[in-house]
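Analysis of the macromolecular model
So you can see what is in the structure, the chains are spelled out below.
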There are 2 protein chains.
Amino acid sequence: MSEKKIPYKIYLEESEMPKQWYNVRADMKNKPAPLLNPATLKPMQFEDLRPVFCDELIKQELDDTTPYFDIPEEILDFYKMYRPAPLVRAYFLEKALDTPAKIYYKFEGNNTSGSHKLNSAIAQAYYAKKQGLKGVTTETGAGQWGTALSMACSYFGLDCEVYMVKVSYEQKPFRREVMRTYGASVTPSPSDKTAVGRKILQEFPGTTGSLGCAISEAVEAATSKEGYRYVLGSVLNQVLLHQTVIGLETKAALDKYDIKPDIIIGCAGGGSNLGGLISPFVGEMLRGEADYRIIAVEPASCPSLTRGKYVYDFCDTGMVCPLAKMYTLGNGFIPSANHAGGLRYHGMSSILSQLYDDGLMEAVSVEQTAVFDAAKQFARVEGTLPAPESSHAIRVAIDEALKCKETGEEKTIVFGLTGTGYFDMVAYQKYNDGVMSDYIPTEEDLAKGFATIPKLPGIQ
Amino acid sequence: MSEKKIPYKIYLEESEMPKQWYNVRADMKNKPAPLLNPATLKPMQFEDLRPVFCDELIKQELDDTTPYFDIPEEILDFYKMYRPAPLVRAYFLEKALDTPAKIYYKFEGNNTSGSHKLNSAIAQAYYAKKQGLKGVTTETGAGQWGTALSMACSYFGLDCEVYMVKVSYEQKPFRREVMRTYGASVTPSPSDKTAVGRKILQEFPGTTGSLGCAISEAVEAATSKEGYRYVLGSVLNQVLLHQTVIGLETKAALDKYDIKPDIIIGCAGGGSNLGGLISPFVGEMLRGEADYRIIAVEPASCPSLTRGKYVYDFCDTGMVCPLAKMYTLGNGFIPSANHAGGLRYHGMSSILSQLYDDGLMEAVSVEQTAVFDAAKQFARVEGTLPAPESSHAIRVAIDEALKCKETGEEKTIVFGLTGTGYFDMVAYQKYNDGVMSDYIPTEEDLAKGFATIPKLPGIQ
């Protein structure tokens, strides 16, 4: 046991910060299944992906053997703007819960995008700039990813075109304004700027849009003009790679004070935060160096890991993207309308899906009013208003700490606090007004989603 | 010159953090003029203030000789939640400006209230709790102070009643929801809960409220029931005392790396942030130990220092509060309707007013589109979306850095970044849409405000 006094917030010094990202696939015996070309059903090759993604990012996407990638100097420079992110001992929460558990959280919300998304946005913008591109396109739902990308593009002087789901564009004007302040052009989707957008508008004139449609528009926009590529904020291997800066910093901070976590908890939508947080710890497990309980937390209304199928599915509802093998509810699955808390993607990163299938990770689903109960409790005692997404992890961290209270165990719990809830006050208002409700999909709901999973002759 | 490498962000260690607040009045030869009882025109005594304020806070308010006040352990504990605030070297901004100046900013926005207001809110809540009170009342305009107070009251289990200017209550529902999440009751003002509110509603049925009216309601609410007191987020001596934690941390961080600032810049509304930031530096000037250029920045549309009169005036438009001697535009002065950027108080803290009158501080006024130009530039290169209030200081810091570019001088500039702009996106939207305008009050506008300054026989 170290004699070092553990501060309330552990900030790494600049010299202690990670200089490389860690590629957990290199240590996985069962590699994540490759992306498939939907036309040929063969694994996607470098050349197949070049029209859509930046070259360096494709290399990262396809590389499942190189354990470490150097983080370019330019990205390390940018990291200085908002990193290191603190690892905080939740003393106030422990006291409020009267638990013997020791709770730590890695806080990724200390930047204007308000979340961890900036970690990958800056990397993707960097490689786009390095390739000499003019700009990038993307989709955004609630707006966290779009905000992060607009910040990153502004930094490198890249054009940034964001297709924002129309209902969010109208209901979340503030996110939109942050993106505009950073110079991004924000288009409500579906739009008449793309063929796919015009087609959808013709078929469904009153539609408020969907993430799947916005992806399709962003991909078309990127591939139909010179000097643009498409970028994505979650799910992909490259995104998880960039996000390992979260886990590497967390591990460095824990190691500095000889703290050994028992349980590591993260919320899971597409998997970017969870994958980034747990990768270095899972690496130790894969190499037989340590053992941890790792818990993925997902909404009961969008339970891809706990109730989905582990099969090949399209990453988007427009079916223009490659096929990925993942735990999925079907690309046509849409969470019930009362769902307020984010994490609404139908599938789960291939890396995390494989780790889950191999038993290296548990998954639990939680209902949203319980999530907001945890969010409120956390906000009141720890002083940070958490994003609804992050609050899924808080819920389970509190539950585990309360179990420790029952048993008297002094477990060390680490969870990822991915972001702040400043742009989610509509959801908080519903909660404060007592009109937030829960919905657990019925078997019939799930069957409808599963029906949209493609039948792939010879594969599934 | 120290050999220590200066990190991008200077975080003090817990052991280096201030344990006392500094009372600059103790070093002032010309003391700030005392508050006057409006009924007797005699200086307010402890007993006069007891029905309105907490006992310990009155002692701090009236004490102009004790140089240091110990910060109670309970407050130091709470500080750990969000302090130390980083002192950041604005490398990215310097590079963008191509200036030889070295720019630092003290960032106070890393907490859910989004501003420095929490520093005094937690102190005022602590003393209310210590006195055995049930709760406190206050007013809020834009909502920063109300949010900070609701967080502080939640922490100590105090009831928190916030009277929020009706127009803000309706136009800033998200701030209101943050306060509700922290358990505060938020009432649009004027309301039918108080006699003064009912009177105003009867006289002006369609009124959207004013800060002055909200103050009057909050004071009435506090004084008309057992176990409540009124608290205020700026202007008062006690508030500036608590806010010196900003300046003390800033000075400790600078001293740690042997950095000597040439210019210290802060935005000025009622003076809470500016007073807190500059007090320790002004103390050195008063004691003849150092010399600095200190610049207060105010909006051209509410220019209390640069165009106001240094006289006794009411702190509120309802004229229920004591008289304070300060630079004032008259308690009836209201900034023009196009004013978006905060800092709309008609007067200035008595401490700062005296320092300004004694020539220890300069003041400049800036127009709001220029302020938002600076805000956008800062957000894009430094990654933090600043509050409009804070952006007044950014504007002048940039201007001073550009002067250094002209002259080639390597001046060290320190400014206060008081908070974030996440709840100010309506103002940013106006700016992004190009519909933000400037307004400089005419002599006639000012004359109308000055006409509301009371004539006080034998005094002025």
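Residues numbered from 1 in each chain as written. Chains lettered and ligands numbered in written order. Predicted model: local features only at pLDDT ≥ 70, side-chain atom pairs only at ≥ 80, totals over all residues. Heavy atoms only, no water.

Next up on the list: the sheet that holds strand β9 (residues 228-230) of chain A. Residue and element names in this part refer to chain A. The parallel open sheet is built from four strands, whose spatial order is β8-β7-β6-β9. Every interior strand has two partners, whereas the edge strands, β8 (185-189) and β9, have only one. Within this sheet the neighbouring strands show an average axis-to-axis angle of 25°, counted without direction. Relative to β9, strand β6 (residues 135-140) runs parallel, the two sharing three bridges. Counted as the bridge partner of G135 is Y228 from β9. Of the strands in this sheet, β6 and β7 (159-165) are in contact with helix α6 (residues 144-156), which crosses β6 at around 165°. (Pairing = 2+ DSSP bridges. Helix = DSSP H or I, 4+ residues; strand = E, 2+ residues; numbered from the N terminus. Axes fitted to C-alpha atoms, helices over the stretch in contact; angles between N-to-C directions. Contact = heavy atoms within 4.5 Å.)

Residue and element names in this part refer to chain B. Within the secondary structure, S350 sits in helix α14 (residues 350-357). Judged by its relative accessible area of 7%, S350 falls in the buried class. With residues near it in sequence (within four places) discarded, S350 still touches P32, A33, V235, A324 and K325. (Buried < 20%, exposed > 50% of the residue type's maximum accessible area, 1.4 Å probe, protein only.)

Turning our attention to the pattern of salt bridges. All names here are of chain A. Tallied over the full model, the rule gives 52 salt bridges over all chains. Of the charged contacts in the structure, one is a salt bridge between K199 and E203, with a shortest N-O distance of 3.5 Å. Of this pair, K199 and E203 are both found in helix α9 (residues 195-203), four residues apart, which corresponds to roughly one turn of the helix. D255 is the salt-bridge partner of K251, the closest N and O atoms lying 3.1 Å from each other. Taken together, the residues span about one helical turn, with K251 and D255 both in helix α11 (residues 237-256) at a distance of four residues. What emerges from the salt-bridge pattern is a single network uniting R83, K106, E108 and E249. (Salt bridge = Lys/Arg side-chain N within 4 Å of Asp/Glu carboxyl O.)

Further remarks concern the confidence of the model for chain A. For chain A, per-residue confidence averages 94 on the pLDDT scale, and 99% of positions sit at 70 or higher. Predicted complex metrics record ipTM = 0.91 and pTM = 0.94. (pLDDT = per-residue confidence, 0-100.)

Turning next to the relation of the copies chain A and chain B. Mapping between the two chain copies consists of a rotation about an axis together with a translation along that axis. Note on the identical chains: chain A maps onto chain B by a rotation of 180° and an axial translation of 0.0 Å, with an RMSD of 0.0 Å. Here the transformation between the copies is reduced to the relation of a two-fold axis. Comparing contact sets, 100% of the residues at the interface of chain A also lie at the interface in chain B, consistent with an isologous, same-surface contact. (Least-squares fit on C-alpha atoms with pLDDT ≥ 70 in both.)

Turning next to the packing of aromatic side chains. Scanning the entire structure with this criterion turns up 43 aromatic pairs over all chains. Between Y11(A) and Y11(B), the ring centres sit 3.8 Å apart and the planes meet at 15°, which makes this aromatic pair stacked. Placement of Y11(A) in the loop between β1 (9-10) and β2 (20-22) and of Y11(B) in the loop between β1 (9-10) and β2 (20-22) is noted, with the two residues assigned to different chains. Of the two residues, Y11(A) and Y11(B), both sit in the buried class. (Phe/Tyr/Trp six-rings, centres within 6.5 Å; stacked < 30°, edge-to-face > 60°.)

Counting from both sides, the interface comprises 42 residues of chain A and, opposite them, 42 residues of chain B. For the pairing of chain A and chain B, the buried interface totals around 4,000 Å² over both sides, and the portion due to carbon and sulfur atoms is 55%. Between chain A and chain B we count two salt bridges in total. We note a salt bridge from D433(B) to R180(A), for which the minimum N-O separation is 2.7 Å. Scanning the region where chain A abuts chain B turns up 23 residue pairs in polar contact (both at pLDDT 80 or more). At the level of secondary structure, the elements contributing two or more residues to the side of chain A that touches chain B comprise α3 (73-82), α6, α8 (173-181), α15 (368-382) and α17 (425-432) of chain A. Considering every element that reaches the side of chain A that touches chain B, the biggest residue donor is α8(A), with six residues. Class assignment of the residues belonging to the side of chain A that touches chain B gives a composition of 20 nonpolar, 10 polar and 12 charged. (Buried area = accessible area lost by both parts, 1.4 Å probe. Polar contact = N/O pair within 3.5 Å; in protein donor to acceptor, adjacent residues only side chain to side chain. Nonpolar A, V, L, I, M, F, W, Y, C, P; charged D, E, K, R; others polar.)

Residue and element names in this part refer to chain A. The sheet built from seven strands is open, its strands ordered β1-β4-β5-β15-β10-β11-β14 with mixed pairing. At either margin of the open sheet sits one strand with a lone partner, and together these are β1 and β14 (362-366). With two bridges connecting them, β1 and strand β4 (residues 87-89) associate as antiparallel partners. From the neighbouring strand, I10 faces β4, where its bridge partner is L87.

With that settled, consider helix α5 (residues 118-130) of chain B. Owing to its 3.6 residues per turn, the α-helix aligns residues three or four sequence positions apart on the same side. All names here are of chain B. Between the first and last C-alpha of α5 there are 18 Å, a value that for 13 residues agrees with the 18 Å anticipated at 1.5 Å per step. Of the positions making up α5, those classed as buried are L118, N119, S120, A121, I122, A123, Q124, A125, Y126, Y127 and A128. As for α5, its buried residues are in contact with β2, α2 (55-62), α3 (73-82), β6 (135-140), α6 (144-156) and α11 (237-256). Positive phi appears at G132, one or two residues downstream of α5, with a value of about 80°. (Expected span 1.5 Å × (residues − 1).)

The subject of this paragraph is the packing of helix α5 (residues 118-130) of chain A against α6(A). All names here are of chain A. Running from N to C, α5 and α6 point in directions that differ by 40°, and their axes come no closer than 8 Å. One way to sum up the angle between α5 and α6 is to call them oblique. For the crossing formed where α5 meets α6, the hand is right-handed. Across the interface between the two elements, L118, S120, A121, I122, Q124, A125, Y126 and K129 of α5 pack against W145, A148, L149, M151, A152, C153, Y155 and F156 of α6. (Parallel < 35°, antiparallel > 145°, perpendicular 65-115°, else oblique. Left-handed = near helix turned anticlockwise from the far one by under 90°.)

On to unusual backbone geometry, then. Here the bond from R83(A) into P84(A) is cis, since omega is 0°, no more than 30 degrees from zero. Mapping P84(A) onto the fold places it in the loop between α3 and β4. The step from S189(B) to P190(B) runs through a cis peptide bond, and the omega angle for that step is 5°. Checked against the element boundaries, P190(B) lands in the loop between β8 (185-189) and α9 (195-203). Notably, V235(A) is not glycine yet its phi reads approximately 70°, a positive angle. With respect to the helices, strands and loops of the structure, V235(A) is situated in the loop between β9 and α11.

Residue and element names in this part refer to chain A. Along its sequence, chain A is organised into domain 1 (3-17 + 72-112 + 237-450) and domain 2 (31-69 + 115-230). Distance between the C-alpha centres of domain 1 and domain 2: 23 Å. Facing 45 residues of domain 1, the contacting portion of domain 2 comprises 41 residues. In this assembly, domain 1 packs against domain 2 so that about 3,700 Å² is buried in total across both faces, 63% of it on carbon and sulfur atoms. Across the domain 1-domain 2 interface, the total number found is one salt bridge. Notably, a salt bridge pairs K172 with D424, separated by 3.3 Å at the nearest N-O pair. (Domains from an automatic or database assignment.)

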